[in-house]
Amino acid sequence: MKKPGVVESASAVIDARINELGDWRGKTLAKVRDIMHKADPEIIEEWKWAKATSPGVPVFSRGGIICTGETYKNAVKLTFAKGAALKDPTGLFNSSLEGNVRRAIDIHENDKINDAAMKDLIRAAVALNLKSKPKPNPRRASSKRVD
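Quantities reported herein were computed from a predicted structural model and do not represent experimental measurements. (Residues numbered from 1 in each chain as written. Predicted model: local features only at pLDDT ≥ 70, side-chain atom pairs only at ≥ 80, totals over all residues. Heavy atoms only, no water.)

Trainee: I tried to follow unusual backbone geometry on my own but got confused; where do I start?
Mentor: Working note: non-glycine residues mostly have negative phi, and peptide bonds are mostly trans. Phi is positive for serine 96, close to 55 degrees, though the residue is something other than glycine. Residue placement: serine 96 occurs in the loop between strand 4 (76–80) and strand 5 (103–107). Classification of serine 96 by relative accessible area gives partly exposed; the value is 28%. Phi is positive for asparagine 110, which is not a glycine, with a value near 75 degrees. (Helix = DSSP H or I, 4+ residues; strand = E, 2+ residues; numbered from the N terminus. Buried < 20%, exposed > 50% of the residue type's maximum accessible area, 1.4 Å probe, protein only.)

Trainee: What is the right way to look at the nonpolar core in this model?
Mentor: The tendency in soluble globular proteins is for nonpolar side chains to be buried side by side. With 23 residues, the main nonpolar core has Phe80, Ile105, Met118 and Ile122 as its most contacted residues. Looking at this core, the elements that each hand over two or more residues are helix 2 (24–39), strand 3 (65–71), strand 4, strand 5 and helix 3 (115–132). (Core = buried A, V, L, I, M, F, W, Y, C linked by side-chain atoms within 4.5 Å.)

Trainee: Explanation requested: the side chain of aspartate 40 in the structure shown.
Mentor: Within the secondary structure, aspartate 40 sits in the loop between helix 2 and strand 1 (44–48). A distance of 2.6 Å separates a polar atom in the side chain of aspartate 40 from a polar atom in the side chain of arginine 62. Once residues lying within four places of it in the same chain are set aside, the contact partners of aspartate 40 are Arg62 and Val126. (Polar contact = N/O pair within 3.5 Å; in protein donor to acceptor, adjacent residues only side chain to side chain. Contact = heavy atoms within 4.5 Å.)

Trainee: Just checking my understanding: could you explain the sheet that holds strand 1 for this structure?
Mentor: Sheets are built from strands that pair by backbone hydrogen bonding, the pairs being arranged parallel or antiparallel. Strand order in the open sheet made by the five strands is 1-2-3-4-5, with antiparallel pairing throughout. Strands with a single pairing partner mark the edges of an open sheet, and in this sheet they are strand 1 and strand 5. Geometrically, the sheet is characterised by an average inter-axis angle of 25 degrees between neighbouring strands, direction not taken into account. Two elements, strand 4 and strand 5, share five bridges in a ladder whose sense is antiparallel. (Pairing = 2+ DSSP bridges. Axes fitted to C-alpha atoms, helices over the stretch in contact; angles between N-to-C directions.)

Quick look at the structure:
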């Protein structure tokens, strides 16, 4: 039982969500999560956007959001925050293809996941996040003359 004022870690909330699903969607989310961490062990798990009308969404980040892992009745949806900017030579993206920024992968029951292609896509998303992360400006000496 959760104690008042104690915040569960995002990983614990994701574990609970996987267990709560208790079906192919939970197994799929767990498999994708495992692939994420094998692709890049520095990926951070977060739980975001929880509100009265929604329990929230698992989010995988490194240098910014890589993707979310939403579960629906008929699909586990991985929405890549900057998916439109990623090369997808194996055609993993199969949803939200019309957007200018995001792309998604809908995984349905009995779909096979191409682990190697998924790892490549995740690594590319991390690389894009790290490359586009703004670097702090170095302080410049003042050009004003002090007497």
